[in-house]
Every structure is written in C-alpha cells, then in structure tokens.
Amino acid sequence: MNIENKLKELGIDLPEPPSPIASYTPCKQAGNLVFVSGQGPIINGKQIYRGKVGAEISLEDAYQAARYCGLNLVAQLKRFLGDLNRVKSIVQVKGYVACGITFENQPQVINGVSDLMVEIFGDAGRHTRCALGTNTLPANIPVEAELIAEVSP
Amino acid sequence: MNIENKLKELGIDLPEPPSPIASYTPCKQAGNLVFVSGQGPIINGKQIYRGKVGAEISLEDAYQAARYCGLNLVAQLKRFLGDLNRVKSIVQVKGYVACGITFENQPQVINGVSDLMVEIFGDAGRHTRCALGTNTLPANIPVEAELIAEVSP
Amino acid sequence: MNIENKLKELGIDLPEPPSPIASYTPCKQAGNLVFVSGQGPIINGKQIYRGKVGAEISLEDAYQAARYCGLNLVAQLKRFLGDLNRVKSIVQVKGYVACGITFENQPQVINGVSDLMVEIFGDAGRHTRCALGTNTLPANIPVEAELIAEVSP
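Residues numbered from 1 in each chain as written. Chains lettered and ligands numbered in written order. Predicted model: local features only at pLDDT ≥ 70, side-chain atom pairs only at ≥ 80, totals over all residues.

1. Brief notes about the interface of chain C and chain B
Here comes step 1: Tallying the contact residues gives 23 residues for chain C and 28 residues for chain B.
Here comes step 2: Contributions of two or more residues to the side of chain C that touches chain B are made by strand S1 (27-30) and strand S2 (33-39) of chain C.
Here comes step 3: No other element matches the 4 residues that S2 of chain C contributes to the side of chain C that touches chain B.
Here comes step 4: Here the side of chain C that touches chain B is composed, by residue class, of 12 nonpolar, 9 polar and 2 charged. (Contact = placed C-beta atoms within 7 Å. Helix = DSSP H or I, 4+ residues; strand = E, 2+ residues; numbered from the N terminus. Nonpolar A, V, L, I, M, F, W, Y, C, P; charged D, E, K, R; others polar.)

Shown next, in the form of structure tokens:
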C-alpha cells in the first residue's frame, strides 16, 4: 500500500521535523542505508515531556513520548527522501530511556517507536532493536530514538 | 575452517536464541550487513544474572554474562542465516554494562563477547567496538550486547 | 581540497592513534562503510581528562575532550585508509558523555567532535548524530565517541 495513504488511514499527521540543536544533520545516506539522527519528543517546536521515566514520567507517558520520537524519525525520513514509499525497510531502531537505576521496563517504553514503525510500514517496518537505560538525556527529555532505514536506489 | 566444526572443537553448544520481549525482530539484513538486536545473558529461556556489575555482580561473572550475550548473538545469526559459514566478518560489537558511577572496567566485561567472536570466527571475528556504562538495563540484566556482521551474498 | 593540506592549514597535527585496550580492532570496513571503535581523550598515550562532566569537568573542558576523541577518530581513519582523501563522507557520530543525572548539555559537548569533522572534511563532514548521557565510561573518561565513514572504493 502507498505509505501516504496509510498515514491518512491511520490518522497520522506527521509533525514538522525538528532542526538539529547542534552541528549535525538529521539524515545521511550511504549506499542504500539512510541514518537518522537521534530524535526526542519535540512536536512542532515544543518539547512535550521533561524528566526521568518511572519518576517524573509514567510508563504510559513514556510510551507516548517514544511514539513522538518515532513520528519525528518518520518525518525526517520524509523530508530527506521526499517520498516515504522509497523506504524499503526499517533496519534498526535504538532507543534510550532516561530513568533511575531500578527501572527495568525500557523495552515497553521503546515499543512506542517500534509499534509505530510496524503500523506505518507493515512487515517492512519490523526492525532490529536495542532498548537501553541511561541516567540523563539532552534537554532532560525522557526518551530518545535513532534509526537506520534501507531505501530503494 | 568450517564454523560448525569449530564450534564442536571448542565445545560450544549454541543456546536456543531468545525470542524478542517486545515489538521487534532479532536479525535484519540490508545489503550484505546483518544487524542483530541487543541480547542479554538469557540462556534457553532462563535469565542467568540480575543486578549491577561491581555491586551485585563480580567482574568475573560479568565477563561470563557478556559471553552468554555473545552466544545468543551467534545463535541468532545461525537461526537467521541457516549456516554460520555465511558470516564473512564480525564488523561491530556494542556492549552495555549496568554499573555504578565508579565502575571503570567496561572493556574487561565486554571482552566476554569479543573473545568469543575471535574464538569462533578467528581473524574474521575481530571487530570494532564500543564498551559503555549505563545505570540500568532491561529486566535488570547486568550486560547487553548487539552486533553487525557482514555476510556473503 | 586535499585533506592533508587542509589539516596543515588548520594547524592540526593528528595524534598517534591509541591502541585498543581490549580484544578488538580500531577500524573495520564492510562494503564502502568504515566503522571506527569508540575513542576517548587519550593523546599520544596519555589520558588527558578523568571524571564526570558538570562535576569534575567543565563544559569547556568537555568540549575539548570531545575534540580529542574526534582527533583520535580521524587518526584511526588515517592509519586504516592510508590516505584521508579516501573519506567520501562522515555518515554518523555517536557521542557519550559521563555526567550526573541533572546534566542536559550533551549536544554542546559532542559538538567538539562534530565541529572538528566539518572543519576537516567540509560539507562531507556533516553527519548524523546521537549525543547521549551515561553514568560512567571506561577508565573514567568524561567523553567517548565512535564514527561510521563512507569511503571511496
């Protein structure tokens, strides 16, 4: 199915992809791989969540924050590729969860990114993954995610 | 040398590769690269270690935990590729060690993965690496590792 | 412009690339991608900084530490490739900042790597990036960075 139609069907309105907050670029292609820089839960210029998951941010809100990261990853891909139908496969997602030392549910948080990729891209959206804990992230965001996609030439 | 014979010679019996505990896939190929999702010290369905390295887990146990992560990485590759002789090279290993802020020996821990790759694949098993500390990992595992391999077409 | 001339123009004298402190290799190529192992602020065998950014290490010193990591990444590429003019593009930088849980300026620290890549390689040096916090790094270094480059065949 056409990915743009799929987005409409899902009621997903992609946000404006955030500008990098430092000396780097959101996407870069090497061969058929496109790398996307780490994205946080910033939607249309506004940071939606601040704080550590499990303390200031509930598991449910953290899942939603991860989904926002995923929406930004897809929005960056769209701006870079012009057309999301050029995405052949989501190869890898790395997700980072800012949390205290007793928090163990990073996978459930990063499912917010993973579920979105499968919703949008179907089987091609199924990816390898690493969900990690960290003590703190830039601008005190609770979740950050990055992605590698394979694209058609 | 044939890798299956090498495993027998080393007395290595690969574990059952763990199923993902969330919405992702253990391996994905893009071109000649195969990405393997983060693996923990879960052997045949049983989580072997829990806790932070340097506090609840000794350096020796952490090395062994890292080796278990490595065995799962190889087991995932075998299930995905069918035949480990298709592995041309281990390109990169990333290892994450859950530990307190004064722990400095992440490289010695992640050698448990690295040494295994060289034992099994010889020179082709020599890889680039990043060994990192983190405050906490999923399910309170002490070590997690992920891998990128190059495979023959 | 020839990259060696560019280094001279910038007054950059690349350090001796550090030897791995464990069972891995500094660089590995797969197709046209070269992966470089995590590098710390170790210049010509001497560790320049120890401690956590924001506590024992100021933001200014952390930026400089990140720049040293970047110099080592470039030095590793030079040893591996023989000639830095073979670098077609810096694809990705991952930077890790050891810090306390209230530190939020990881991007400003990792700019020390990113700015260096753009100084040396110009537009081809613009890369995707992830700047992360961590509670501790090997040998108590404050910053570590790794890199993926695309090279000409």
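Right, picking up where we left off after that structure.
2. A word on the pairing of strand S5 (residues 87-98) of chain C
Each regular strand shows side chains that alternate between the opposite faces of the sheet.
Residues and elements named next belong to chain C.
Here comes step 1: Within S5, 11 of the 12 residues are buried, which leaves it mostly tucked inside the rest of the structure.
Here comes step 2: By the bridge criterion, 9 bridges tie S5 to strand S7 (residues 143-151) in an arrangement that is antiparallel. Counted as the bridge partner of Val87 is Val151 from S7.
Here comes step 3: Here S5 runs beside strand S6 (residues 128-134); their pairing, made up of 7 bridges, is parallel. The partner of Lys94 across the bridge, within S6, is Cys130.
Here comes step 4: Once you follow S5 into helix H3 (residues 106-121) and on to S6, the crossover reads as right-handed. (Buried ≥ 20, exposed ≤ 12 C-beta atoms within 10 Å, placed from the backbone. Pairing = 2+ DSSP bridges. Right-handed = clockwise from strand over helix to strand, strands pointing away.)

3. Remarks on the packing of helix H2 (residues 59-81) of chain A against helix H3 (residues 106-121) of chain A
Residue and element names in this part refer to chain A.
Here comes step 1: H3 packs onto H2 with a crossing angle of 40° between their chain directions and a minimal axis gap of 7 Å. Comparing their axes, H3 and H2 come out oblique. Handedness of the H2/H3 crossing: right-handed. Judged by residue contacts, Leu59, Ala62, Tyr63, Gln64, Ala65, Ala66, Arg67, Cys69, Gly70, Leu71 and Val74 of H2 engage Gln108, Val109, Ile110, Asn111, Gly112, Val113, Leu116, Met117 and Ile120 from H3.
Here comes step 2: Residue composition of the contact of H2 with H3, by class: 14 nonpolar, 5 polar and 1 charged. (Axes fitted to C-alpha atoms, helices over the stretch in contact; angles between N-to-C directions. Parallel < 35°, antiparallel > 145°, perpendicular 65-115°, else oblique. Left-handed = near helix turned anticlockwise from the far one by under 90°.)

4. Some details on the relation of the copies chain C and chain B
Here comes step 1: Between the two copies, chain C and chain B, the superposition gives an RMSD of 0.0 Å; the rotation angle is 120° and the shift along the axis is 0.0 Å. Here the copies are linked by what is in effect a three-fold axis.
Here comes step 2: Here only 13% of the contact residues of chain C are again contact residues in chain B; the copies associate through non-equivalent surfaces. (Least-squares fit on C-alpha atoms with pLDDT ≥ 70 in both.)

5. Digging into the confidence of the model for chain A
A low pLDDT score tells you not to read the predicted coordinates there in detail.
Here comes step 1: With 100% of its residues at a pLDDT of at least 70, chain A reaches an overall mean of 96.
Here comes step 2: The complex prediction reports pTM at 0.97, with the ipTM value standing at 0.96. (pLDDT = per-residue confidence, 0-100.)

6. Examining the sheet that holds strand S2 (residues 33-39) of chain A
Residues and elements named next belong to chain A.
Here comes step 1: With respect to topology, 5 strands assemble into an open sheet ordered S1-S2-S7-S5-S6, the strand pairing being mixed. The open sheet has two edge strands, strand S1 (27-30) and strand S6 (128-134), and neither has a second partner. Each adjacent strand pair in this sheet contributes to an overall mean axis angle of 15°, direction not counted.
Here comes step 2: When S1 meets S2, the two strands line up antiparallel, connected through 4 bridges. When the sheet's bridge partners are listed, Lys28 is paired in S2 with Phe35.
Here comes step 3: Packing against the sheet, H2 makes contact with S1, S2, strand S5 (87-98) and strand S7 (143-151), and its axis sits at approximately 35° to S7.
Here comes step 4: On top of the sheet, H3 reaches S5, S6 and S7; it is set at about 160° to S5, its chief contact.

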